[in-house]
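Read off the chains here:
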Amino acid sequence: MKPITIRGLRQLLWPPGAASADGSRQLRPTAYLDGLRGFAAFLVYIHHHELWAHGGKSGIIFENAFGYNGEFYLANFHFIRNFFTGGHAAVAVFYVISGYVLSAKPLSLIHDGEHLQLSDNLASSFFRRWFRLYIPLIVTTFVTVTTWNIFGIWTRTYQPKGSISDELWEWYVQFKNFSFIFKEGWMWVDYNTHLWSIPLEMRGSLVTFIACIAFSRAAHRARLLCLLGLVVYYLYIVDGYYCALFVAGMLQCDLDLLARRDGYFPRWLRRLEPYKTFIYYHLFFIGLYLAGVPSASREMDHLRANPGWYWLSFLKPQAVFDLKWFYLFLAGNMIVASVPRIPWQRRFFESAFCQFLGRVSFALYLVHGPILSTVGDRVYHAVGWVREEADLNNEQVLRWANVFPLPKTGPLGLEFSFLAANILLLPLTLWVADFVTRTVDDPAVRFSRWLYKLIQRDGGAEQKHVDLAPLMRVE
């Protein structure tokens, strides 16, 4: 009995990867998007850890271009800088992928003329989307707040409110406001400040669903022009960069689907097919360069002071307030478009490692922040990364300062003590992400699907034909 119990516990904590009967992994046609999303979430993890540990002047170096103020480091060199501060570009990639994936099924139904099935599909997606995004947030923030309060844990952004009832009330007030996606102003919760992108994810999802409905009867060429017009509107007329990213992902999906049909793909794009390798390699590397847009300030003068960005600064439209998002819009679309057309890139993102990251990507995004602000902060202090200016009033963390100091030898961002800390923190974060995926995220997906089927069944049983003609008659 004991071996069975141990084996069952092991499978609960870290189950084996899924494989087919012949031992090979079964990949979907868009598996590369899963891997790209997972690797983007991994870049968010790295970005936040680099800035958290270094902070201050060193943190600003990460966010500026190579050579700014005469500072030359490997960590801020062109292209390489994305492995250190690629979290900004990762969010843009998230949104483009979401627009692509959310519209894939509706667009295929539009192409086939299945408008009745399209209505059913969009109704289901629309209904399930909020639950799919917010149930994991509810569970993870609830566990975080109760754990921190019970054990009296302080972080840089959180202090216990007193009794557990006071804490839960504060959690409820913050979350109810956060969950209202049309709330004006900045949206986050103190228990996980990295969740600011989720309400924008929900808004972008609604824009994608509405665009599918609005353009479902349009001719193929007209729909492409309408989507392009929406991108221009959200990027050049109003400050809706996240909506532009979603719509651009939908536009990419529409073009990919049309490319499989004879006579529908734009002819001018078809003429470029002999040069696609040349084009997509250039798009990929241009996208990587733009993904490294300096982000230490929103001021245009600061961007122009960064080497390699003076002339590019004149491309920014007036409507975009936070200037980095215009360049990240271009970067995210170029990267997503080029990855499937570059064989070695596609193979990398379809690898087992990236597919694992893709499977746990949402949970990784949710849990890496609380782990960093609790366990991570203390581990970094223990090995010598002390930031008294950030933790001046947090004696809990300062108590860990230099408990086990390690040398900071090595290039900026790759110091021995920083890498040593992540020998503990990275596996811990990935394990928690995997656990949350299986115990929270996957059940949330199944729950939303079950709930939609439930209301369908109840609605169908009670639905009766009602003659509306008398109500529509005008005397």
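None of these values were measured; they are calculated from a predicted model.

Cut-offs applied
Residues numbered from 1 in each chain as written. Predicted model: local features only at pLDDT ≥ 70, side-chain atom pairs only at ≥ 80, totals over all residues. Heavy atoms only, no water. Helix = DSSP H or I, 4+ residues; strand = E, 2+ residues; numbered from the N terminus. Buried < 20%, exposed > 50% of the residue type's maximum accessible area, 1.4 Å probe, protein only. Lys, Arg positive; Asp, Glu negative; His and termini not counted. Salt bridge = Lys/Arg side-chain N within 4 Å of Asp/Glu carboxyl O. Contact = heavy atoms within 4.5 Å. 1 Å grid on protein atoms, 1.4 Å probe; cavity = no way out; pocket = protein on both sides within 12 Å on 5 of 7 lines; lining within 4 Å. Points joined across faces, edges and corners; volume = space filled by probe spheres on them. Nonpolar A, V, L, I, M, F, W, Y, C, P; charged D, E, K, R; others polar. Phe/Tyr/Trp six-rings, centres within 6.5 Å; stacked < 30°, edge-to-face > 60°. Lys NZ or Arg CZ within 6 Å of the ring centre and 35° of its normal. UniProt positions renumbered as here; feature names shortened; annotations may be inferred. Axes fitted to C-alpha atoms, helices over the stretch in contact; angles between N-to-C directions. Parallel < 35°, antiparallel > 145°, perpendicular 65-115°, else oblique.

What about the side chain of Arg 378?
Of note, Arg 378 is situated in helix 17 (residues 361-382). Buried Arg 378, no salt bridge; nearest opposite-charge side chain is Asp 377, N-O distance 5.3 Å. If we ignore the near neighbours within four places in the chain, the residues touching Arg 378 are Ile 153, Trp 154, Ser 373, Gln 396, Val 397 and Trp 400.

Observations regarding the layout of surface pockets
The computed volume of the second largest pocket comes to approximately 1,500 Å³. Contributing to the lining of the second largest pocket are 40 residues, with Gln 252, Leu 255, Phe 265, Leu 269 and Tyr 280 lying nearest its centre. When residues of the lining of the second largest pocket are traced back to their parent elements, those giving at least two are helix 9 (220-237), helix 10 (241-259), helix 11 (267-270), helix 12 (276-291) and helix 14 (324-338). Here the lining of the second largest pocket is built from residues that sort into 25 nonpolar, five polar and 10 charged.

Some points on the packing of aromatic side chains
Given two aromatic rings, one states the distance between the centres and the angle between the planes to describe the pair. Tallying each qualifying case throughout the model produces 42 aromatic pairs. Geometrically, the ring pair formed by Phe 39 and Phe 348 is edge-to-face, given 5.5 Å between the ring centres and 80° between the ring planes. Separated by 309 residues along the polypeptide, Phe 39 in helix 2 (residues 31-54) and Phe 348 in helix 15 (residues 343-349) bring together distant segments of the chain. Classification of Phe 348 as partly exposed rests on a relative accessible area of 35%. Ring pairs connect the aromatic residues Phe 127, Trp 130, Phe 131, Tyr 134, Phe 142, Trp 171, Phe 175, Phe 178, Phe 447, Trp 450 and Tyr 452, which therefore count as one cluster. Geometry around Phe 314 places Arg 304 over its ring, the cationic atom sitting 4.2 Å from the centre.

Some remarks on the pattern of salt bridges
Enumeration over the complete set of coordinates arrives at 13 salt bridges. Across the salt bridge formed by Arg 270 and Glu 273, the nearest N and O atoms sit 3.8 Å from each other. Here Arg 270 falls in the partly exposed class, since its relative accessible area comes to 33%.

Structural notes on the UniProt feature "transmembrane region" (unreviewed entry) in the protein chain
As recorded in UniProt, the sites labelled "transmembrane region" (unreviewed entry) are residues 83-102, 133-154, 231-257, 278-297 and 325-344. Spanning residues 278-297, this segment combines 70% helix with 0% strand, and its end C-alpha atoms are found 34 Å apart. Spanning residues 325-344, this segment combines 80% helix with 0% strand, and its end C-alpha atoms are found 28 Å apart.

What about the packing of helix 2 against helix 3 (residues 56-63)?
The N-to-C vectors of helix 2 and helix 3 enclose an angle of 150°; their axes lie 7 Å apart at closest approach. Considering the angle they form, helix 2 stands roughly antiparallel to helix 3. Two secondary-structure elements touch here, helix 2 through His 47, Glu 50, Leu 51 and His 54 and helix 3 through Gly 56, Ser 58, Gly 59, Phe 62 and Glu 63. Looking at the contact of helix 2 with helix 3 residue by residue, the class counts come to two nonpolar, five polar and two charged.

A word on the side chain of Thr 374
Checked against the element boundaries, Thr 374 lands in helix 17. Residue Thr 374 is classed as buried on the basis of its relative accessible area of 12%. Aside from chain neighbours lying at most four places away, what touches Thr 374 is Trp 148, Ile 153 and Thr 155.

As for the environment of Arg 449
Secondary-structure assignment places Arg 449 in helix 19 (residues 416-462). The class for Arg 449 is partly exposed, based on a relative accessible area of 36%. Spatially, the C-alpha atoms of Arg 449 and Arg 129 are 9.9 Å apart, while their sequence positions differ by 320 residues.

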